[in-house]
Amino acid sequence: MIRRPALATAVAAALLLGACAGTPAALRPEAARAASAPSGYLEAAAIETLAAALPPPPAPRSPVDQADKARPARMAALENTDRWLLAAAHAELRPPLALQHFNCPLGLRLEPQETPSLTRLMQRLFHDADSAAEAVKARAFRPRPVGDDPDRQACQRLTEAGRRSASYPSGSATVAVVYGEAFAALDPSRAAEVRRMAHEIGRSRLVCAMHYPSDVAAGEDLGRAVFAAAAERTAFAADLAAARAELRALRGRGATAPGCASEALALATPLP
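These numbers were taken from a predicted model, which means no experiment stands behind them.

Digging into the overall build of the chain
Broken down by element type, the chain carries 15 helices and zero strands. Counting across all 272 residues of the chain, residues that qualify as buried make up 53%. A separation threshold of at least 6 residues defines the contact pool for the chain, and within that pool the share at least 24 residues apart is 86%. By element, 58% of the accessible surface of the chain is carried by carbon and sulfur atoms, the whole surface being about 11300 Å².

Shown next, in the form of structure tokens:
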């Protein structure tokens, strides 16, 4: 296997940042969680309604649960491959760094210092998605693959508390889908590409042994519901318009991101 510099660099950055993503709230310190983002668009009652609408995790030893638990052993074949390296980079989901996962689908290079409105939009959406996923996790506990198998390697740095934290739903998939829907609204011409990347970020959590397939599917469903609710708020429309203007300005300069060819090769890896 040839290690591609763009992916190796991204992974090094992700590991330096630590295990602050995945289910974001579960894996980062409480102080960092409180200071990481402004408040979201949704009030607490709306978050609870969205969380209550999500079905519970598969019952232990049910057919769905058994199918889920057969998957991590097959995913172990991807450890230390380029797809594994990309999954490690995808573990970072906080704005503004996480927004760079969407550079290649957007066909530009996001510059945090030039996109403060975009960062604010995504921080507020992160808050809503994170809060909704945590509200679901509080109702029923399902162990992560790395919790069910203590010897399993994770693709990110984990504390014991993180290893033992709840797997359902995937907060990473929830956040990724919310980002994908927001970028689709910001640039409809790239909607298919950004939604595909959001889905790949969720699939990265399978590669990392941080979630089971049902966790990712539920997280994606929750993400779509969170975005739909947030998009109805008046403040969201104003933030979206400001972020769209920033993206237009960036596109006008023609800046593109390096490493897109390497990323495409990694994403072409079939998942077992």
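Remarks on the pattern of salt bridges
The final tally for this structure, using the stated rule, is 17 salt bridges. The partner of K69 in a salt bridge is D148, and the shortest N-O contact between them spans 3.9 Å. Highlighted residues: K69 in helix α5 (residues 63–75) and D148 in helix α9 (residues 145–148), separated in sequence by 79 residues. Exposure remark for K69: the relative accessible area of 37% places this residue in the partly exposed category. In this structure, the salt-bridge partner of E200 is R83, at a minimum N-O distance of 3.2 Å. Pair noted here: E200 is in helix α12 (residues 191–207) and R83 is in helix α6 (residues 82–90), with a separation of 117 residues, a long-range link. Considered together, E200 and R83 belong to a single accessibility category, that of buried residues. Via salt bridges that share partners, D65, D68, K69, R142, D148 and D215 belong to a single interconnected network.

So, the state of the cysteines
Applying the stated criterion across every chain, the model contains two disulfides. For C104, the disulfide goes to C260, at an S-S distance of 2.0 Å. Judged by the sign of its S-S torsion, about -90 degrees, the bond between C104 and C260 is left-handed. Linking C104 in helix α7 (residues 103–106) with C260 in helix α15 (residues 260–267), this pair joins segments that are 156 residues apart in sequence.

Considerations on the packing of aromatic side chains
Counted by the stated rule, this structure contains four aromatic pairs. Considering the side-chain rings of F102 and Y179, the 6.4 Å spacing of their centres and the 85 degrees angle between planes classify their relative orientation as edge-to-face. Here the residue F102 occupies a position in the loop between α6 and α7, and Y179 occupies one in helix α11 (residues 171–186), the gap between them amounting to 77 residues. Of the two residues, F102 and Y179, both sit in the buried class. By way of ring pairs, the aromatic residues Y41, F227 and F236 are connected into one cluster.

Some thoughts on the confidence of the model for the chain
Averaged over all residues, the pLDDT of the chain equals 88, while 86% of them reach at least 70. Taken together, the stretch residues 1–35 has pLDDT below 50 and engages in 90 contacts with residues farther than four places along the chain or on a different chain.

A short note on the nonpolar core
Counting residues in each nonpolar core, the largest one holds 49 residues, and the members touching the most others are L118, L125 and F183. Of all the elements in the fold, those that place two or more residues in this core are α4 (44–53), α8 (116–137), α11, α12, α13 (213–230) and α14 (234–253). Contact partners of L125, with chain neighbours within four places excluded, come to Y41, V178, A182, F227, A230 and F236. Counting residues in each nonpolar core, the second largest holds 16 residues, with M75, V146, M210 and L271 among its members.

Thresholds, definitions, all that
Residues numbered from 1 in each chain as written. Predicted model: local features only at pLDDT ≥ 70, side-chain atom pairs only at ≥ 80, totals over all residues. Heavy atoms only, no water. Helix = DSSP H or I, 4+ residues; strand = E, 2+ residues; numbered from the N terminus. Buried < 20%, exposed > 50% of the residue type's maximum accessible area, 1.4 Å probe, protein only. Contact = heavy atoms within 4.5 Å. Areas by Shrake-Rupley, 256 points an atom, 1.4 Å probe, with all protein chains shown as cover. Salt bridge = Lys/Arg side-chain N within 4 Å of Asp/Glu carboxyl O. Disulfide = S-S within 2.5 Å. Phe/Tyr/Trp six-rings, centres within 6.5 Å; stacked < 30°, edge-to-face > 60°. pLDDT = per-residue confidence, 0-100. Core = buried A, V, L, I, M, F, W, Y, C linked by side-chain atoms within 4.5 Å.

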